[in-house]
Amino acid sequence: MSKPSIPKGTRDFLPQVMVKRNYIFDTIKSVFQTFGYLPIETPTMEKTETLMGKYGEEGDRLIFKVLNSGEFLNKSNKEAFTDNNSIRFANSIVEKALRYDLTVPFARFVVQNRNEIDLPFKRYQIQPVWRADRPQRGRYREFYQCDVDVVGSESLLYEVELIQIFDKVLSSLKLEDFTIKINNRKILSGLVEVVGESDKLIPITVAIDKLDKIGEEGVVKELREKEVSESAIEKLKPILTISGSNENLLEAVSLIVSSSEIGVKGIEELTEVLEMVKSLGLDKAKLEFDPSLARGLNYYTGAIFEVKANNVNIGSICGGGRYDDLTSIFGMKDLSGVGVSFGADRIFDVLEELDLFPKELLSSTQLMFANFGKLEAKQSMKWLKELRAHGIPSEIYPDNSKMKKQMTYANNKNIPFVALVGENELANNSITLKNMETGDQNSYTIKELVIFFNATRF
RNA sequence: GUGGUUGUAGCUCAGUUGGUUAGAGCACUGGUUUGUGGUACCGGGGGUCGCGGGUUCGAAUCCCGUCAUCCACCCCA
């Protein structure tokens, strides 16, 4: 048998990593709940028809498909097989797939459970998703998304609320320098309408989205490759070059799209959101209107968001937007939704790189009893029971090993205190407490110990 | 899916124009210290050099294939 290993782009998580991951999840959950969102879960697998076609052509390719069980070959499309038609053949032997994100399953969930929920429905969902992408820095094939969404309201108050959630979560995680980028798909629609290329909305937005990566020239080159007319490119150029405050940008863009009804609507929405956020104030977040922000997911129709950690070379750590039509695909019309997603794994990488995890996360056990033999261990167990009854995380070394070995174990586990209970302590009913940081040792009774640990609790 | 990079000890890596028994640091382990870790000193274990084939008297080193990895593109959390 070869060395055991796990599939490409997946990971094992050791305890010292899990405590950090849980710190992120706990922070996110508590913020979500203070904004009035409640948890749901959906299955790991969805029917392929639920997922396919919702993420664009590229997305379909990246969906992990689950082979049918049993004698699937009997029911397979052999014609498609001999024709070398992979897609049609795959459809005949696959009817389930791993979820690609949490938003589309959520839309399905809302429609399916419409009679059990009240609108507007506010939910959060923290679960892994899978993408058959090639792994690289900050990109995994299995990763967690933490989604907050609300469906059943067109109110822009929710856009504001989600911006506040971005700010609150990331500020709570001690991130100092991050930017929330915001744009509105209606503005982009107005833009392509004004330049006379309405049918090329997607290729144009995808090209514009790459501005900060490939620069103005790169975008123009890509637009030409997508057969966008020269006159349209000329009209789009200001979008690529203008800069300044949110207000200045709004004014400039609003002039460009003024002849488009939908474009003007987008400007109005964005203006309202920006003004409200400005009057409420943000903690650490910077909020920037970025006319070149587009985002690849096809279902967005209104506001779109993306959050980047500054000074860290990793893609966006959060994203989201408003989708007016997602539930209609599943048969429920006129149900607007808006939501955002936190990329827990990327946030982890950012906090790790910036060394922002609290250091007390590393130790859970506060006190370890050294083991001096059977009698001593028996007494230590009694005292342990009492300490644990008071909620003090404590443990005992399992064997009467050499002190050096026991101490090394405590040291490696970052246990701050070791209790020494040997022959002498047993005789006078005391506990010698060693502080592993300073090396100081003092004698205590069990009562004093409980008081000591309750007092030093955070 | 396209292009490139790198595979040597548990981890990070060195290894000269191909030449005897493949090295270092960290980690692990034993001792100096049989009731004291984190610092010091001495010792020890651990490697089919990713895998398969080829060239050669001789391959970790050169060639071909393959798998894995990382990076860029595409796309995205």
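Residues numbered from 1 in each chain as written. Chains lettered and ligands numbered in written order. Predicted model: local features only at pLDDT ≥ 70, side-chain atom pairs only at ≥ 80, totals over all residues. Heavy atoms only, no water.

This paragraph deals with the overall build of chain A. Each helix and strand counted, chain A has 18 helices and 16 strands in total. The C-alpha radius of gyration computed for chain A amounts to 28 Å, which surpasses the reference 23 Å derived for 458 residues by more than 25%, pointing to a less compact arrangement than a globule. Based on the C-alpha atoms only, the size of chain A along its principal axes is roughly 95 × 65 × 45 Å. Counting over 458 residues, chain A shows a buried share of 49%. Long-range contacts, defined as pairs at least 24 residues apart, comprise 70% of the intrachain contacts of chain A with a sequence gap of at least 6. Only carbon and sulfur atoms are counted for the fraction: they give 50% of the accessible area of chain A, which is about 24,000 Å². Computed over 59 positive and 66 negative side-chain charges, the separation of the two mean positions in chain A equals 7 Å. (Helix = DSSP H or I, 4+ residues; strand = E, 2+ residues; numbered from the N terminus. Rg over C-alpha atoms; globule rule 2.2 N^0.38 Å. Buried < 20%, exposed > 50% of the residue type's maximum accessible area, 1.4 Å probe, protein only. Contact = heavy atoms within 4.5 Å. Areas by Shrake-Rupley, 256 points an atom, 1.4 Å probe, with all protein chains shown as cover. Lys, Arg positive; Asp, Glu negative; His and termini not counted. Charge placed at Lys NZ, Arg CZ, Asp CG, Glu CD.)

So, about the protein's contact with RNA strand B. Taken together, 42 residues form the shell around RNA strand B, and within it Arg139, Lys210, Lys402, Met436 and Gln441 come nearest. For RNA strand B, the backbone portion of the atoms within 4 Å of the protein, that is sugar and phosphate, comes to 47%. At the level of secondary structure, the elements contributing two or more residues to the surface near RNA strand B comprise α3 (56-61), β6 (142-151), α16 (403-412) and α17 (423-428). In terms of residue count, the dominant contributor to the surface near RNA strand B is α16 (6 residues). A per-class count over the surface near RNA strand B returns 11 nonpolar, 13 polar and 18 charged. (Near = heavy atom within 4 Å. Nonpolar A, V, L, I, M, F, W, Y, C, P; charged D, E, K, R; others polar.)

A word on the sheet that holds strand β9 (residues 303-309). Strand order across the open sheet formed by 8 strands is β1-β5-β6-β11-β10-β9-β7-β8, with mixed pairing between neighbours. A strand with exactly one partner marks an edge of an open sheet, and here the two such strands are β1 (38-39) and β8 (286-289). Pairing geometry for strand β10 (residues 318-323) and strand β11 (residues 337-343), over 6 bridges, is antiparallel. Bridged to Cys318 within β11 is Phe342. Each of β7 (178-184), β8 and β9 is contacted by helix α8 (residues 185-194), which is oriented at about 50 degrees to β7, the strand it contacts most. On top of the sheet, helix α14 (residues 344-353) reaches β6, β9 and β11; it is set at about 45 degrees to β11, its chief contact. (Pairing = 2+ DSSP bridges. Axes fitted to C-alpha atoms, helices over the stretch in contact; angles between N-to-C directions.)

This brings us to the environment of Arg123. Among the structural elements, Arg123 can be located in strand β5 (residues 121-130). Once the C-alpha coordinates of Arg123 and Leu426 are considered, the two residues, 303 residues apart in sequence, prove to be 56 Å apart. Excluding residues that lie within four positions of it along the chain, Arg123 makes contacts with Tyr37, Leu38, Ile40, Leu102, Phe106, Asp147, Val148 and Asp149. Only 3.3 Å separates the side chain of Arg123 from the backbone oxygen of Leu102, close enough to count as a polar contact. A distance of 2.8 Å separates a polar atom in the side chain of Arg123 from a polar atom in the side chain of Asp149. (Polar contact = N/O pair within 3.5 Å; in protein donor to acceptor, adjacent residues only side chain to side chain.)

This next bit is on the nonpolar core. Residues Ile24, Phe32, Tyr37, Ile165, Leu170, Ile317 and Phe342 are the most contacted members of the largest nonpolar core, which totals 99 residues. When residues in this core are grouped by element, the largest group, 8 residues, is from helix α7 (residues 157-172). Setting aside chain neighbours within four positions, we find Phe342 in contact with Ile28, Phe32, Tyr144, Gln145, Cys146, Ile165, Phe166, Val169, Leu170, Ile317, Cys318 and Ile347. In terms of nonpolar packing, the next biggest core, distinct from the first, is built from 18 residues, Leu384, Leu387, Ile396 and Val421 among them. (Core = buried A, V, L, I, M, F, W, Y, C linked by side-chain atoms within 4.5 Å.)

The full count for this structure, using the stated rule, is 0 disulfides. We note that Cys146 lacks a disulfide partner, and the nearest cysteine sulfur, in Cys318, lies 8.8 Å from it. (Disulfide = S-S within 2.5 Å.)

With that settled, the discussion passes to the domain arrangement of chain A. When cut into domains, chain A gives domain 1 (15-63 + 100-353) and domain 2 (364-455). Computed over C-alpha atoms only, the centres of domain 1 and domain 2 are separated by 52 Å. (Domains from an automatic or database assignment.)

Turning to helix α5 (residues 86-93), a few remarks are in order. When α5 is considered as a whole, its buried residues turn out to be Phe89, Ser92 and Ile93. Down the axis, α5 shows its buried residues gathered within 90 degrees of arc, on one side only. Relative to its buried face, α5 has exposed residues pointing more than 90 degrees away, namely Ile87 and Asn91. Check the buried side of α5 and you find it contacts β3 (65-67), α4 (78-82) and β4 (94-98). (Arc of directions from axis to C-beta.)

Moving on: the sheet that holds β3. Spatial ordering of the open sheet is given by β2-β4-β3, a layout of 3 strands whose pairing is antiparallel. Of all the strands in the sheet, just β2 (45-47) and β3 have a single pairing partner and so form its edges. Between one strand and the next, the sheet's axes are offset by a mean angle of 45 degrees, whatever the strand orientation. Strand direction decides the pairing type here: β3 and β4, joined by 3 bridges, are antiparallel. Among the inter-strand pairings, Val66 is bridged to a residue of β4, identified as Lys96.

Let us look at the side chain of Asp167. Inspection of the secondary structure assignment puts Asp167 in helix α7. For Asp167, the side chain forms a polar contact with the main-chain nitrogen of Lys284, separated by 3.1 Å. Setting aside residues up to four positions removed in sequence, Asp167 forms contacts with Phe178, Ile180, Leu282, Asp283, Lys284 and Ala285.

Let's shift gears to the pairing of β5. Looking along a regular strand, one sees the side chains alternate between the two faces of the sheet. Within β5, 10 of the 10 residues are buried, which leaves it mostly tucked inside the rest of the structure. Of the strand pairs in this sheet, β5 and β6 are connected by 10 bridges, and their pairing is antiparallel. Among the inter-strand pairings, Gln125 is bridged to a residue of β6, identified as Asp147.

Turning next to the pairing of β9. In terms of residue burial, β9 counts as a mostly covered element, since 6 of its 7 residues are buried. Alignment of β7 against β9, held across 7 bridges, turns out to be antiparallel. Counterpart to Phe178 in the pairing with β9 is Ala309. As judged from the 4 bridges shared by β9 and β10, these two strands associate in the antiparallel manner. Among the inter-strand pairings, Phe305 is bridged to a residue of β10, identified as Gly320.

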